[in-house]
Amino acid sequence: MDYIVLDFETKSDVDISHGSMKYLKSKKADIVCLGYKVNAGDTKLWVPGQPLPGFMSQPEKYTYYAFNAQFDLRVWNILGPKYDYP
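Residues numbered from 1 in each chain as written. Predicted model: local features only at pLDDT ≥ 70, side-chain atom pairs only at ≥ 80, totals over all residues. Heavy atoms only, no water.

Undergrad: How should the overall build of the protein chain be read in this particular structure?
TA: Along the backbone of the protein chain there are two helices and four strands. Secondary structure elements of the protein chain occur, N-terminal to C-terminal, as β-α-β-β-β-α. Relative to a compact globule of 86 residues, whose C-alpha radius of gyration would be 12 Å, the protein chain shows 13 Å and is just as compact. Over its C-alpha atoms, taken along the principal directions, the protein chain stretches across nearly 35 × 25 × 20 Å. Across the 86 residues in the protein chain, those meeting the buried criterion constitute 34%. A fraction of 59% describes how many contacts in the protein chain between residues 6 or more apart in sequence connect residues 24 or more apart. Working note: accessible area of the protein chain is about 5,600 Å², and carbon and sulfur atoms make up 53% of it. Side chains of the protein chain carry 10 positive and 10 negative charges; the gap between the two charge centres is 6 Å. (Helix = DSSP H or I, 4+ residues; strand = E, 2+ residues; numbered from the N terminus. Rg over C-alpha atoms; globule rule 2.2 N^0.38 Å. Buried < 20%, exposed > 50% of the residue type's maximum accessible area, 1.4 Å probe, protein only. Contact = heavy atoms within 4.5 Å. Areas by Shrake-Rupley, 256 points an atom, 1.4 Å probe, with all protein chains shown as cover. Lys, Arg positive; Asp, Glu negative; His and termini not counted. Charge placed at Lys NZ, Arg CZ, Asp CG, Glu CD.)

Undergrad: Just to check I follow, could you spell out the side chain of Asp30 for this structure?
TA: By secondary structure assignment, the location of Asp30 is in strand β2 (residues 30-38). Among the polar contacts made by the side chain of Asp30, one reaches the side chain of Lys82 at a distance of 3.4 Å. There is a polar contact of 2.6 Å between the side chain of Asp30 and the side chain of Tyr83. The residues contacting Asp30, other than those within four sequence positions of it, are Glu9, Thr10, Lys11, Leu79, Lys82 and Tyr83. (Polar contact = N/O pair within 3.5 Å; in protein donor to acceptor, adjacent residues only side chain to side chain.)

The values reported here are purely geometric and, on their own, carry no functional implication.
Okay, here's the thing in structure tokens:
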């Protein structure tokens, strides 16, 4: 199975010390960018306003790796829908 290594950068008006859910559920929370690479390929950068990366058309086909996976999964599920993440 192919794999994706990813890392979201985010912003919010709520300090992360108050917990990731409060941080991400703020009306001002947003994705700044997503760094990712497919398998051993080059690292790529997605920023809001660009078309979604190709792997997002069939996310179930990949295994995902992230340094802070729980947070990145929350970003995907809470902020991602604003950008049509599956």
